[in-house]
Amino acid sequence: MEHPENDNHYKGLKVNKGVVQPPVVNPYRRKRVKKVTFTVDEYVAGILAGDVTILSQAVTLVESVNPQHQVIAQQVIEKCLPYSGHSMRIGISGVPGAGKSTSIDKFGIHLLKKFGGKLAVLAIDPSSERSKGSILGDKTRMEELAVHPDSFIRPSPAAGSLGGVARKTRETIILCEAAGFDKVFVETVGVGQSEIAVHSMVDFFLLIQLANTGDELQGIKRGIMEMADGIVINKADGDNIPYCDLAASRFRNALHLFPVPDSKWTPKVLTYSGFYGIGIEEVWKMVYDYMDFVKKNHYFEKKRRRQAKYWMYESINEQLRNSFFNNESIGTMLKEKEEDVLNDRESSFTAAHELLELYFSQIQKR
Ligand code: GDP
């Protein structure tokens, strides 16, 4: 059809016929894939079948702050619970640079080769909130494990308080176990608080130390050492071997000063080299010896029951805290009270008391 503007009425204006345009600029552009969402039963079935893609998606739900996701996640966890508990849960801690990722890569490959089964590597990084994402449990740091078909590596959940982050990791352990992972590593940085969280979800707590740092007692932050079931001095290779031996004997001496732990297991101190793969076998012999020991003296179940109780209280704390801080009126009043306290118009105690009073009165009205 001739363009209407070429009519005599629009003298002096000539509009040429256009060419037919293709429907999209780039016909090869990928269509946006609609994210598949599953029902609770589909998630559970996928996890129990060992489907790692569905497991990953379920873990994403566990980590989500969206309340609707949380509801589904909790139902999935509840249904997976009867299939969980059958793994060996190992906590691995050490300061940055101690060689955690190098070691985990070697440890993991060693275990998978020797015993088969499946390994999940999870992480808790309390600093990740600030750095917006954690490097712990990062696949690129564990070259061999990352491409191993029987491993599942998941970095630390990023958002929330340490308690919240740790709770999510603990729930992820349950999902991994239901998916058939019979070995779980939980990695954390050796800075204090996070060890307590990891310790409360694993069967064996391995502390990686370095010799020759000029501060031999780096880990003799007493609390952390007391939690360790095994202390391993890494980088025992080349010229460093004598220093590692020396550090090991210092740690052994220091451990003697501690009371006998509830498990009745005397923590061992070993040296090894994660990078060169020296002494790995011995480290894992120690872990398996421990497992035998605590299964025989029933400490294993006792500890797991105690951990379950700990997490019940942790969940109560977390939910109460969230309910309080997510309350709208509290949010408004909190800012005012904060100003009052900062400017000495009110004491911290009275301000807290008034905020709680408001919160409880609102709860009662419901
Ligand atoms: P992470 O921060 O604790 O995860 O430590 P990494 O595994 O990233 O290791 C830190 C550095 O120490 C890297 O440069 C590693 O190559 C090195 N490293 C790790 N294990 C060993 C070891 O057994 N011997 C030696 N000589 N170097 C190691």
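Every residue gets a number counted from 1 within its own chain, in the order that chain's sequence is written. With the structure being a predicted model, the display of local features is reserved for residues of pLDDT at least 70 and the display and counting of side-chain atom pairs for 80 or more, all residues being used for whole-chain, interface and lining totals. Side-chain metrics in this entry use all non-hydrogen atoms of the structure; hydrogen atoms and water are not considered.

### A word on the pairing of strand β4 (residues 183-189)
Piece 1. Residue exposure (1.4 Å probe, protein chains only): buried if accessible area is under 20% of the type maximum, exposed if over 50%, otherwise partly exposed. Here a strand is any run of E in DSSP of at least two residues, a helix any run of H or I of at least four, and the numbering for each starts at the N terminus. Counted residue by residue, β4 has 7 buried out of 7 residues, so it is predominantly covered.
Piece 2. Side-chain alternation along β4 places Lys183, Phe185, Glu187 and Val189 on one buried face and Val184, Val186 and Thr188 on a second face that is also buried.
Piece 3. For two strands to be treated as a pair, DSSP must find at least two bridges joining them. Examined bridge by bridge, strand β2 (residues 119-124) and β4 share 6 bridges and lie parallel to one another. By the bridge assignment, leucine 122 is partnered in β4 with valine 186.

### Digging into the sheet that holds strand β3 (residues 151-153)
Piece 1. With respect to topology, 7 strands assemble into an open sheet ordered β3-β2-β4-β1-β5-β6-β7, the strand pairing being parallel. The open sheet terminates on both sides in strands that have one partner only, identified here as β3 and β7 (268-271). On average, each strand axis in the sheet is tilted by 20 degrees relative to the strand beside it, whichever way the strands run.
Piece 2. When strand β5 (residues 204-210) meets strand β6 (residues 230-234), the two strands line up parallel, connected through 5 bridges. Paired with leucine 210 across the two strands is asparagine 234, which belongs to β6. Inter-axis angles, ranging from 0 to 180 degrees, are taken between N-to-C directions of lines fitted to C-alpha atoms, where helices are fitted over the stretch in contact.

### Here we look at the layout of surface pockets
Piece 1. Estimated volume of the largest pocket: approximately 1000 Å³.
Piece 2. Elements represented by at least two residues in the lining of the largest pocket include exactly α3 (67-80), α7 (162-178) and α12 (299-325).
Piece 3. In terms of residues, the lining of the largest pocket owes the most to one element, α12, which gives 11 residues.
Piece 4. Here the nonpolar group is Ala, Val, Leu, Ile, Met, Phe, Trp, Tyr, Cys and Pro; Asp, Glu, Lys and Arg are the charged ones; every other residue, Gly included, is treated as polar. Residues that form the lining of the largest pocket fall into these classes: 11 nonpolar, 15 polar and 9 charged.
Piece 5. Where a domain begins and ends is set by an automatic assignment or by a domain database. Each of domain 1 (34-83) and domain 2 (85-310) gives at least three residues to the lining of the largest pocket. Points on a 1 Å grid, built from protein atoms alone, make a cavity when a 1.4 Å probe fits but cannot get out and make a pocket when they are open with protein on both sides within 12 Å along at least 5 of 7 lines; residues with an atom within 4 Å of a point are the lining residues. Grid points are joined across faces, edges and corners, and a volume is the space filled by probe spheres set on the points.

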